[in-house]
Amino acid sequence: MKDINKLVLFLVLIISFIFYSGFLYTQNADLAAIAGTSKDLGKKIWQEKNCIACHQIYGLGGYLGPDLTNTYSQKGSNHIKAFLRSGTQVMPNFHLSENELENLTQYLKSIDESGIGSPRKLKINYDGTIEQP
Amino acid sequence: MMAQLSNPKKWIARKFFFFALFLLGTALIFGLTGALEYLFPGLFKDYFSFEKIRPIHVTSAIFWIIFAAIGAVYTYIEEIGEKGIFSKKLMNIQFYTLASTVILILITYFFGVFGGREYWEFHPILAIPLGFSWVIFFVNVFKSFISFKKQPVYVWMWMTGAIFFIFTFLESYLWLIPYFRSNIVSDLTIQWKSSGSMVGCWNMLIYGSSIYLMDKISGTTQYSHSKIAFSLYFLGLFNLMFNWGHHLYTLPTASYVQYISYAVSMTELLILGRIIMLWRSSLSTAKKNYHLYSYRFLLSADIWIFLTLLLAILMSIPAINVYTHGTHITVAHTMGATIGINSFLILSFVFDIFGIKKVSPKRFNFAYLLLNSSLFIFWSALIVAGVLKAHWQMTENTKVFSEMMNDLKPAFMVFFFAGIGLATALFIFIFKILKHVRSLK
């Protein structure tokens, strides 16, 4: 393979990659988004307590605790707060303040509203692809 | 051109390897500690809970691979002898910046200070020295070559890994801007796009070095300049750029993300087909070089490439991914790739670079067999656990999560004991390497 061919192929791939990345960055993202909303602060707590080490969102994350994608609609806000206040046999009590509990719950609510997390409910097509119900 | 490096003065990047071995030890200890929590839930809950143990294990494992990959690239660039490394001073600055940052990251984890995301859980401020150290690496690699003309494929791979890491690393911090993080689906898409491609970057460094090592063992440079080598390199690059969507099939992302990734991942069948086609000639090469310790690790890595690739291709079919996603089958795939492929290739570099030949064959064979058999049992136990969890999550049932986890305990037990075997074998190798280096000093 000649060097010039290699370079052309490399450049074609790079350009395609840049366009694809740029296109993805514009999907779903919100230009008016601001920091400091309740769900945004909840996300911060989620990261600072490293919840993802044990829990999953859409099947992504740790394996020690349950997936929390739709826990808000399944269990409700009070149930979530009660768990967070007392901890469980496995999960420590993180001693969150009432404000922090509310923000974290709002973050879980925003995740819940984004789609269905249970793979059982997804539609499997004949061509091997899947889709949200 | 390809001088032997058994002279300690030529181990120019040795500190990268020693630090990598230290991190491997940490990854093993905290991996076993974490596995204990699966057997006895809540065991260390009050003082050292799982959200601290997991990132210490994962970060140590990732940086074991990164440090050793960088060390191998530096050593082999020096060995090629075109003009050697551009700047040894820059190399040292990179080492001390990176090593001190990693130590700081592990300390912050120990005290429960987080703020980042999965696999990069540390506070974002620590990403600055990490990124800076990688820029130094990029400069050092690119400046080490006089010209880009007629370079072998491994040089292309090293350069690709060095430059793309910077891009994917920056991309993984776009979440700091509210525009990118406000929508959870968009945020997860970018996170897993960058994470998936980043793994491809250090794989470029490691696979490049393994091609160089195979050239060195076979005594010919034919392959690294061949059409097939460059075709496979471009196929790898294509997958690095576009084959990350299998992490996101179950998300409500745009359907083209799934279609593109599904189609691109099927190109990996070409690599799988090639491995099967070359099986016979691989066997004869294996017979010829079996006495070389470094080759023995390359051979094991070849088998793990086959197993991991097979699993990866299956998981890339969305209709199958819907079953495996979020289960321990994904962990089996990761363990196969990080231990069976990356770690085995790194061990082959270490045995080659430090010229380790004096280990008693009996002891080497014991550790080698223990390592391979433990890994296979470890991997199989994870697949069994994954199949059981997949059954639970795909059927309507009344079992709650903790009951399902209880059902998985026999598999976790096997996983834990195989993990002890794996760690024992790797500690034997760490000990042998350090003993050899001390004897030469």
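**A short note on the overall build of chain A**
Secondary structure assignment for chain A yields 5 helices and 4 strands. Along chain A, helices and strands appear, N-terminal first, in the series α-α-β-β-α-α-α-β-β. Relative to the 2.2 N^0.38 estimate, which gives 14 Å for 133 residues, the radius of gyration of chain A is 20 Å and therefore markedly larger than a compact globule would have. When its C-alpha atoms are laid out on the principal axes, chain A stretches across 65 × 40 × 30 Å. Counting across all 133 residues of chain A, residues that qualify as buried make up 29%. Across chain A, the fraction of contacts at a sequence separation of at least 24, relative to all contacts at a separation of at least 6, is 51%.

**Topic: the overall build of chain B**
When helices and strands are counted, chain B shows 17 helices and 0 strands. The globule rule puts the C-alpha radius of gyration for 441 residues at 22 Å, and the 21 Å found for chain B is close to it. With the C-alpha coordinates of chain B rotated into their principal frame, the extents come out at 65 × 50 × 50 Å. A separation of at least 24 residues holds for 79% of the contacts in chain B among residues at least 6 apart in sequence.

**Section: helix α9 (residues 255-265) of chain B**
All names here are of chain B. V257, Q258, S261, Y262 and S265 are the residues of α9 that are buried. One side of α9 carries all its buried residues, which in axial view fall inside an arc of 120 degrees. Elements that come into contact with the buried residues of α9 comprise α7 (184-218), α8 (227-242), α10 (268-277), α12 (293-315) and α13 (318-324).

**Re the interface of chain B and chain A**
Contact residues are listed per partner, giving 61 residues for chain B and 51 residues for chain A. In terms of residue count, α7(B) provides more of the side of chain B that touches chain A than any other element does, 8 residues in total. Looking at the side of chain B that touches chain A, its residues break down into 32 nonpolar, 16 polar and 13 charged.

**A few points about the nonpolar core**
Residue and element names in this part refer to chain B. Among the nonpolar cores identified, the biggest contains 142 residues, and F16, A20, W64, F67, A68 and V73 are the most heavily contacted of them. Per-element tally for this core: the top contributor is helix α2 (residues 50-80), with 19 residues. If we skip the residues at most four places from it in the chain, V73 touches V141, W158, L205 and S209.

**Section: helix α1 (residues 3-26) of chain A**
Here α1(A) is 24 residues long and its end C-alpha atoms lie 35 Å apart, about the 34 Å a rise of 1.5 Å per residue gives. Phi for A:N28, located one or two positions after α1(A), is positive at around 65 degrees.

**A word on the packing of α7(B) against helix α14 (residues 328-353) of chain B**
Axes are the key here: two packed helices are described by the angle between their axes and the distance separating the axes. Residue and element names in this part refer to chain B. Relative orientation of the contacting elements α7 and α14 amounts to 45 degrees, with a least axis distance of 10 Å. It follows from the interaxial angle that α7 and α14 lie oblique. In this structure, α7 crosses over α14, and the sense of that crossing is left-handed. Facing α7, whose interface residues are I206, S209, S210 and L213, α14 presents N342, L345, I346, S348, F349 and D352.

**Regarding the environment of B:I166**
Residues and elements named next belong to chain B. For I166, the position within the fold is in helix α5 (residues 153-171). For I166, a count of 15 C-beta atoms within 10 Å gives the class partly exposed. For the pair I166 and F17, spaced 149 residues apart in sequence, the C-alpha to C-alpha distance is 22 Å.

**Digging into the environment of B:V437**
Relative to the helices and strands, B:V437 resides in helix α17 (residues 409-440). For the pair formed by B:V437 and B:L345, sequence separation is 92 residues and the distance between their alpha carbons is 19 Å.

**Things to note about the confidence of the model for chain B**
Residue and element names in this part refer to chain B. The share of residues in chain B with pLDDT of 70 or more is 96%, and the mean pLDDT across the chain is 91. Predicted confidence in chain B is weakest over helix α11 (residues 279-289), with a mean pLDDT of 71, and strongest over helix α3 (residues 88-110), with 97. For this predicted complex, the interface score ipTM comes out at 0.95, alongside a pTM of 0.94.

**A short note on unusual backbone geometry**
For A:Y58, which is not glycine, the phi dihedral falls at a positive 50 degrees. On the basis of neighbour count, A:Y58 is assigned to the buried category, with 29 C-beta atoms found within 10 Å. Positive phi, normally seen in glycine, also occurs at B:K150, with a value near 55 degrees. Relative to the helices and strands, B:K150 is located in the loop between α4 (127-143) and α5.

**Topic: the environment of B:G336**
All names here are of chain B. Position of G336 among the secondary structure elements: in helix α14. In this structure G336 comes out as buried when scored by C-beta crowding, with 25 C-beta atoms within 10 Å. Considering only alpha carbons, one finds G336 and F95, 241 residues apart in sequence, at a separation of 28 Å. Residue contacts for G336: discarding those within four places in its chain leaves W304, L307, T308, L311 and W379.

**A closer look at the packing of α12(B) against α14(B)**
Residues and elements named next belong to chain B. Interhelical geometry of α12 versus α14 gives an angle of 160 degrees and a closest axis separation of 8 Å. As the angle between them shows, α12 and α14 are arranged roughly antiparallel. Handedness of the α12/α14 crossing: left-handed. Looking at side-chain class alone, the contact of α12 with α14 contains 17 nonpolar, 7 polar and 1 charged residues.

Rules behind the numbers
Residues numbered from 1 in each chain as written. Chains lettered and ligands numbered in written order. Predicted model: local features only at pLDDT ≥ 70, side-chain atom pairs only at ≥ 80, totals over all residues. Helix = DSSP H or I, 4+ residues; strand = E, 2+ residues; numbered from the N terminus. Rg over C-alpha atoms; globule rule 2.2 N^0.38 Å. Buried ≥ 20, exposed ≤ 12 C-beta atoms within 10 Å, placed from the backbone. Contact = placed C-beta atoms within 7 Å. Arc of directions from axis to C-beta. Nonpolar A, V, L, I, M, F, W, Y, C, P; charged D, E, K, R; others polar. Core = buried A, V, L, I, M, F, W, Y, C linked by C-beta atoms within 7 Å. Expected span 1.5 Å × (residues − 1). Axes fitted to C-alpha atoms, helices over the stretch in contact; angles between N-to-C directions. Parallel < 35°, antiparallel > 145°, perpendicular 65-115°, else oblique. Left-handed = near helix turned anticlockwise from the far one by under 90°. pLDDT = per-residue confidence, 0-100.

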